[in-house]
Amino acid sequence: MSYAIQNKPGVEQNKLYSEDVGIHDWYRFVLSYPPHLVRYYIEKLNIDNKHTILDPFCGTGTTLVESKKLGIPSIGIEANPVVEMAARTKINWNIDCNSLLKHSSLVAKEVKKRLKACGNNLKSLDTEREKLLIKNSISVIPLHKSLVFLEVLNDLKDERFHDIEQTAFAKQLVFSYSNLSFSPEVGVRRKKKIDVSVVELWLEQIQKMVLDLRSYHSNKRIQAKVYLGDARAMSQLLNRKSIDFVITSPPYPNEKDYTRITRLEAVLLNFMSVKKDLRKSKEVLLRSNTRNIYKGDDDEQWVANNKCIVELADTIEARRIELGKTSGFERLYHKVIRNYFGGMARHLKELKPILRSGAQLAYVVGDQASYFRIPVRTGKLLANIATNMGYELVSIDLFRTRLSTITKEQLKEEIVLLRWQGR
Ligand SMILES: C[S@@+](CC[C@H](N)C(=O)[O-])C[C@H]1O[C@@H](n2cnc3c(N)ncnc32)[C@H](O)[C@@H]1O
């Protein structure tokens, strides 16, 4: 096994974390992995413009953006609609920037007018939608201003700019208007933002995006596409033998609830308005945490004969019983392991007909130890599942380590590199 990425000095990582401002930093520290990792594998695997790269868990689209910058066609799949909108926006570089700026100043003027007209009459969410939000995630006045802003954005809707204008709003909503903090879990900061300049901050974000769009103008015709879909059921979306490389960072079994991270913007932008929408949006996600395990989940059948997974899940459940832990979440730990890895097996099976012979796949995944301190070696287990399914293991590269707050041990984030020979 090789440990190539570890040899890339941390200095480079830091440098690359701080570049690409504007549209391309959307959600950087919440969902994304660093762009340099994508570029490293594009170079290492000799990927060029005759190839097509797939990111089946594309999040906000780091793989797609980096591919497009380098002139390589790419396709992404993302199951969370608000995140898919962000990815779609980030890869659409074919926008008339002057008209966008004109339209955005029109929107800004109208919002200011309507805010004045509202006076002390503050807008708020209906109870159903409010119940979906993390409590205190946004204060009364920023919420009022946001709702007036969105009303205007819909009234003056211009299809050419709607995605980018909504994405600019979502970014500022999360990072400037709301009381949310990401450290790294989503939470609510103690010091609340009582009032914010919703319109001005949105205009600033649009201007940043325009700068980005202008600087990447030359590659605007490179093909990049995002589908809203489930990476465990994607064969209908993609043509047979159409993919040469996969570069992706799927969720890990790490208790991160992706729908919670994006809840505020999903509710305000109407991707979700009643409780059953939330359940629906969770059901299409990989079962990576106890909050999206449901009765009837059956991804586990895909690893029912995998000794490593079954043993790990049984060990976790046996430890729970031994420790006398009875909470609802703790009872689900072993289920997450079975259904998460089962979901990944289902995804790898679904991928086979889509891959060209000789295709190479890079999966960035992390270990964890939060289920009664029992180590979950995600990279190794994923490699084991893949090889059982006929993929060839090329290497497991160490990307970085992070300190487990629970066990005080270093947990690995690794890149599992696979090859599909088409047999
Ligand atoms: C670690 S994030 C990917 C981050 C991404 N590399 C980026 O640059 O933003 C994992 C993503 O997988 C998505 N996801 C989870 N289950 C999925 C599924 N079954 N199909 C497609 N996407 C899924 C989540 O919504 C999340 O956005």
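Calculation criteria
Residues numbered from 1 in each chain as written. Predicted model: local features only at pLDDT ≥ 70, side-chain atom pairs only at ≥ 80, totals over all residues. Heavy atoms only, no water. Salt bridge = Lys/Arg side-chain N within 4 Å of Asp/Glu carboxyl O. Helix = DSSP H or I, 4+ residues; strand = E, 2+ residues; numbered from the N terminus. Buried < 20%, exposed > 50% of the residue type's maximum accessible area, 1.4 Å probe, protein only. Patch = residues over 30% accessible without salt bridge, like charges linked within 9 Å, V, L, I, M, F, W, Y side chains within 5 Å. Areas by Shrake-Rupley, 256 points an atom, 1.4 Å probe, with all protein chains shown as cover. pLDDT = per-residue confidence, 0-100. Contact = heavy atoms within 4.5 Å. Domains from an automatic or database assignment. Core = buried A, V, L, I, M, F, W, Y, C linked by side-chain atoms within 4.5 Å. Near = heavy atom within 4 Å. Polar contact = N/O pair within 3.5 Å; in protein donor to acceptor, adjacent residues only side chain to side chain. Nonpolar A, V, L, I, M, F, W, Y, C, P; charged D, E, K, R; others polar. Pairing = 2+ DSSP bridges. Axes fitted to C-alpha atoms, helices over the stretch in contact; angles between N-to-C directions. Parallel < 35°, antiparallel > 145°, perpendicular 65-115°, else oblique. Left-handed = near helix turned anticlockwise from the far one by under 90°. Arc of directions from axis to C-beta. Phe/Tyr/Trp six-rings, centres within 6.5 Å; stacked < 30°, edge-to-face > 60°.

## Overview of the pattern of salt bridges
Working step 1: Counted by the stated rule, this structure contains 29 salt bridges.
Working step 2: Between Asp299 and Arg232 there is a salt bridge; the shortest N-O distance is 2.7 Å. Of this pair, Asp299 sits in the loop between helix H12 (275-283) and helix H13 (307-323) while Arg232 sits in the loop between strand S5 (224-228) and strand S6 (243-248), and the two are 67 residues apart along the sequence.
Working step 3: Assessed through its relative accessible area of 4%, Asp299 is described here as buried.
Working step 4: Given a relative accessible area of 4%, Arg232 falls into the buried group.
Working step 5: One salt bridge connects Asp244 with Arg356, and the closest N-O pair in it is separated by 2.9 Å. Residue Asp244 is located in strand S6, and its partner Arg356 is located in strand S7 (residues 355-366); the two are separated by 112 residues in the primary sequence.
Working step 6: For Arg356, a relative accessible area of 32% translates into the label partly exposed.
Working step 7: When salt bridges with common partners are traced through the structure, they connect Glu110, Lys113, Arg114, Lys123, Glu151 and Asp155 into a single cluster.

## Observations concerning a nonpolar patch on the surface
Working step 1: A surface patch of nonpolar side chains, amounting to about 350 Å² of accessible area, comprises Leu122, Val140, Ile141 and Ile194.
Working step 2: Along the chain, the position of Leu122 falls in the loop between helix H5 (97-118) and helix H6 (127-132).

## Points about the confidence of the model for the protein
Predicted coordinates in regions of low pLDDT should not be interpreted in detail.
Working step 1: Scored by pLDDT, the protein comes out at a mean of 91, with 92% of its residues at no less than 70.
Working step 2: For residues 1-24, every residue scores under 50 in pLDDT, and the model assigns this stretch 56 contacts once sequence neighbours within four places are set aside.

## Brief notes about the domain arrangement of the protein
Working step 1: By the assigned domains, the protein splits into domain 1 (15-92 + 224-258 + 279-420) and domain 2 (97-215).
Working step 2: The C-alpha-based centres of domain 1 and domain 2 are spaced at 31 Å.

## Re the nonpolar core
Working step 1: Grouped together as the largest cluster of nonpolar side chains are 64 residues, with contacts concentrated most on Leu351, Tyr363 and Tyr391.
Working step 2: Considering each element in turn, this core owes the most residues, nine residues, to helix H14 (residues 328-351).
Working step 3: Discounting chain neighbours no more than four positions away, the residues touching Leu351 are Leu54, Met234, Val246, Leu361, Tyr363 and Tyr391.
Working step 4: Judged by nonpolar contacts, the second largest core, of 56 residues, contains Val83, Leu132, Leu133 and Val148.

## Remarks on the site of the ligand
Working step 1: Thr60, Thr62, Glu78, Asp230 and Ala231 are the nearest of the 23 residues found near the ligand.
Working step 2: Take Thr60: an N or O atom from its main chain is 2.9 Å from an oxygen atom of the ligand.
Working step 3: Here the ligand, which alone exposes 600 Å², has 98% of that area covered by the protein.
Working step 4: Here the shell around the ligand is composed, by residue class, of twelve nonpolar, eight polar and three charged.

## A word on unusual backbone geometry
Working step 1: Positive phi outside glycine occurs at Asn270, with the angle close to 70°.
Working step 2: For Asn270, the location among the structural elements is in the loop between helix H11 (263-268) and H12.

## Observations regarding the pairing of S7
Working step 1: Summarising burial for S7: nine of the twelve residues are buried, a large majority.
Working step 2: Strand direction decides the pairing type here: S6 and S7, joined by five bridges, are parallel. Its bridge partner lying in S7, Val246 is registered against Leu361.
Working step 3: Pairing of S7 with strand S9 (residues 410-420) involves eight bridges; the strand directions are antiparallel. When the bridges of S9 are listed, Val364 appears paired with Ile415.

## Some words on the packing of H5 against helix H7 (residues 140-155)
Working step 1: In contact at an axis separation of 9 Å, H5 and H7 are set at 130° when each is read in the N-to-C sense. In terms of their interaxial angle, H5 and H7 are classed as oblique. Considering the relative orientation of H5 and H7, their crossing is right-handed. On H7, the residues that touch Val107, Glu110, Val111, Arg114, Leu115 and Cys118 of H5 are His144, Lys145, Val148, Phe149, Glu151, Val152, Leu153 and Asp155.
Working step 2: Considering only residue class, the contact of H5 with H7 consists of eight nonpolar, one polar and five charged.

## Brief notes about H12
In an α-helix, one turn spans 3.6 residues; hence positions three or four apart end up facing the same way.
Working step 1: Taken residue by residue, H12 has Asp277, Leu278, Ser281 and Lys282 as its buried positions. Mapping the buried residues of H12 onto a view down its axis gives an arc of 135°, with all of them on the same face. Looking at H12, the residues exposed on the side facing more than 90 degrees away from the buried face are Lys276 and Lys280.

## Description of the sheet that holds S6
Working step 1: Pairing is mixed in the open sheet, where seven strands are placed in the order S5-S2-S1-S6-S7-S9-S8. Two strands in the sheet have a free side with no partner beyond their single neighbour: S5 and strand S8 (392-403). Neighbour-to-neighbour, the strand axes of the sheet open up by a mean angle of 15°, direction not taken into account.
Working step 2: Where strand S1 (residues 53-55) and S6 come together, two bridges link them in parallel fashion. Pairing of Leu54 across the sheet is with Val246, part of S6.

## Description of helix H15 (residues 378-388)
Working step 1: What H15 keeps buried is the set Thr378, Gly379, Leu381, Leu382, Ala383, Ile385 and Ala386.
Working step 2: Each element contacted by the buried residues of H15 is listed here: H13, H14, S7, S8 and S9.
Working step 3: Where H15 ends, the next residue or the one after it, Gly390, has phi of about 100°, a positive value.

## Quick word on the packing of aromatic side chains
Working step 1: Across all of its chains, the model carries ten aromatic pairs by this definition.
Working step 2: Here Phe149 and Phe169 contribute two aromatic rings whose centre-to-centre distance is 5.2 Å and whose plane-to-plane angle is 10°, an arrangement assigned as stacked. Taken as a pair, Phe149 in helix H7 and Phe169 in helix H8 (residues 162-177) lie far apart in primary sequence, 20 residues in all.
Working step 3: Here the aromatic rings of Tyr333 and Tyr371 are separated by 4.1 Å at their centres, their planes lie at 10°, and the arrangement is stacked. Of this pair, Tyr333 sits in helix H14 while Tyr371 sits in the loop between S7 and H15, and the two are 38 residues apart along the sequence.

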